[in-house]
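The primary structure of each chain is shown beneath.
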Amino acid sequence: MPLIMIWQNMEEYNKSLYGLVGYPLGHSLSPLMHNAAFDALGVDAVYKLFPLQEGELEPFFKDLKDEESPIFGLNVTVPYKEKVVRFLDNVDPLVDKIKAVNTIFINDKRKLVGYNTDAPGFLAHLSELGFATDEKSVAIIGAGGAARAIISVLCLIVERPKSIKIYDIDKGKAEFLVKDISENINIDIVETVNSIDDLNIESSELLINATPIGMKEKDPCLVEEGLLHSGMLVYDLIYNPAETELLRLAREKGAQVSNGLGMLYYQGVLAFQRWAEQEIDQKIKNIMRKALEKGLGL
Ligand code: NAP
């Protein structure tokens, strides 16, 4: 993309740019969160969406090396979290393990450094919820990019669960994911299953929906209602709507429930801190969280 195309209006000319790369991008909440932080800090920067088709990825990343480029940081989302790794100069050790990047910092020598803030973002939110993962039975539905980060980090931490069962509508996808993660991480606690019934949800202490099912109003709950129980945390990665059918039913069964807004917030804070190269104030973090909540009409 020629540099001049990156600025869509003259007001943004001369500002540092940050943004989200993915396709399609739809209504992302990330600009609200990051622009609120830039405004609060008085930083002359703006966070934009970069909806890039696959063929545009390579020229875009080539342009990032240009010393005139106004872009200093990026987030990456579906379907490029794994694909962008090859464009980077350096990656954080966690990326070496997970093999997926959702945050890129571009330093003053135009070196591109990749991080994964989804994984620690998820853990930070679990911790805020007061949920301890050690020796727990975990069931995950969906074997995409989000599940990759979550399974990897749950296997890497000291507080490892007792077991992690994963189901995807495409069994081959779940098997590939687990095999791929196993190249770098000890995943002896992970097992792929053939059907939702084999997830043993009735005896799980953490159920994670890592599919997009629940985003549309008419979407069904993937789990049989009778299997949900009060001894579990049901974590739906979806945050819009704030309460999916799965979360509603789980709440009615007395389960602890959470949507994915907290994970989005924590991964955003961790990304922002990479770009700022420092810890940010709790006051700024609160502004970021409020911006997200406002964006969802909460
Ligand atoms: P993804 O890469 O598309 O993975 C979703 C997986 O779920 C795919 O393998 C998909 O299979 C599978 N799936 C779809 N329908 C299913 C069903 N009925 N039963 C079982 N598996 C099914 O997406 P992702 O990036 O992992 O994201 C998953 C969800 O998490 C999305 O809703 C996303 O918005 C959300 N997310 C939230 C955060 C956050 O910060 N809160 C971060 C990342 C992602 P097919 O490909 O065959 O359809």
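Residues numbered from 1 in each chain as written. Predicted model: local features only at pLDDT ≥ 70, side-chain atom pairs only at ≥ 80, totals over all residues. Heavy atoms only, no water.

A.B. asks: Explain the sheet that holds strand β1 (residues 16-22) to me, using residue names and the numbers behind them.
C.D. replies: The strand order across the open sheet built from 6 strands is β2-β1-β3-β5-β6-β4, with neighbouring strands paired in mixed fashion. Edge strands, defined here as strands with exactly one partner in the open sheet, are β2 (45-51) and β4 (90-91). Taken together, the 4 bridges between strand β5 (residues 103-106) and strand β6 (residues 112-115) define a ladder with antiparallel strand orientation. In the sheet register, I104 faces β6, and the bridge partner there is G114. Its contacts with the sheet place helix α3 (residues 54-64) against β1, β2, β3 (71-76), β5 and β6, and it is angled at close to 145° to β3. (Pairing = 2+ DSSP bridges. Helix = DSSP H or I, 4+ residues; strand = E, 2+ residues; numbered from the N terminus. Contact = heavy atoms within 4.5 Å. Axes fitted to C-alpha atoms, helices over the stretch in contact; angles between N-to-C directions.)

A.B. asks: Please provide a residue-by-residue account of helix α5 (residues 118-128), values included.
C.D. replies: The α-helix advances 3.6 residues per turn, and as a result positions three or four apart in sequence lie on the same side. Listed as buried for α5 are D118, A119, G121, F122, H125 and L126. The buried side chains of α5 occupy one side of the element, clustering within an arc of 165° when seen end-on. (Buried < 20%, exposed > 50% of the residue type's maximum accessible area, 1.4 Å probe, protein only. Arc of directions from axis to C-beta.)

A.B. asks: Before we move on, could you go through the pairing of β3 and cite the residues and values that matter?
C.D. replies: With 5 of 6 residues buried, β3 lies mostly within the body of the structure. Note that β3 and β5 share 3 bridges and pair antiparallel. Paired with N75 across the two strands is T103, which belongs to β5.

A.B. asks: Could you give me a rundown of the sheet that holds strand β10 (residues 206-209), with the residues and numbers involved?
C.D. replies: Sheet architecture is open: 6 strands sit in the order β9-β8-β7-β10-β11-β12, paired in parallel fashion. The sheet is open, and its two edges are formed by β9 (190-192) and β12 (256-258), each paired on a single side. Going across the sheet, the axis of each strand differs from the next one's by a mean of 15°, ignoring polarity. Relative to β10, strand β7 (residues 137-141) runs parallel, the two being bridged by 4 bridges. By the bridge assignment for β10, I141 is matched with N209. Packed on one face of the sheet, helix α6 (residues 145-156) meets β7, β8 (163-167), β9 and β10 and runs near 165° to β8. Against the sheet, helix α8 (residues 245-252) touches β10, β11 (233-236) and β12, its axis set at about 165° to β11.

A.B. asks: Which residues make up α8, and what are the values?
C.D. replies: The set of residues buried in α8 consists of L246, L247, L249 and A250. Down the axis of α8, the buried set is contained in an arc of 165°. They therefore lie on one face. For α8, the secondary structure elements touched by its buried residues are β10, β11 and β12.

A.B. asks: Explain the domain arrangement of the protein chain to me, and be specific about the residues and the numbers.
C.D. replies: One widely used convention gives an interface's size as the accessible area the parts lose upon coming together. As far as domains go, the protein chain holds domain 1 (3-116 + 262-295) and domain 2 (119-259). For domain 1 and domain 2, the distance between their C-alpha centres works out to 27 Å. Each partner contributes to the interface: domain 1 provides 16 residues, whereas domain 2 provides 20 residues. Summed over both partners, the interface of domain 1 with domain 2 comes to about 1600 Å²; 61% of that surface belongs to carbon and sulfur atoms. (Domains from an automatic or database assignment. Buried area = accessible area lost by both parts, 1.4 Å probe.)

A.B. asks: Describe the site of the ligand, naming the residues involved and giving the relevant values.
C.D. replies: In the vicinity of the ligand lie 23 residues, with A146, D168, K173, L237 and G260 positioned nearest. Within the side chain of K173, an N or O atom sits 2.8 Å from an oxygen atom of the ligand. Relative to its unbound accessible surface of 920 Å², the ligand loses 77% to contact with the protein. Contributions of two or more residues to the shell around the ligand are made by α6 and α9 (261-276). Residue composition of the shell around the ligand, by class: 16 nonpolar, 5 polar and 2 charged. The residue makeup of the shell around the ligand includes at least three contributed by each of domain 1 (3-116 + 262-295) and domain 2 (119-259). (Near = heavy atom within 4 Å. Polar contact = N/O pair within 3.5 Å; in protein donor to acceptor, adjacent residues only side chain to side chain. Areas by Shrake-Rupley, 256 points an atom, 1.4 Å probe, with all protein chains shown as cover. Nonpolar A, V, L, I, M, F, W, Y, C, P; charged D, E, K, R; others polar.)

A.B. asks: How would you sum up the environment of T211? Please name residues and give values.
C.D. replies: Along the polypeptide, T211 turns up in the loop between β10 and β11. Judged by its relative accessible area of 16%, T211 is buried. Sequence separation of T211 and L17 is 194 residues, and the distance between their C-alpha atoms is 31 Å. Discounting chain neighbours no more than four positions away, the residues touching T211 are I141, G142, L222 and I238. Among the polar contacts listed, one links the side chain of T211 to the backbone nitrogen of I213, at a separation of 3.0 Å.

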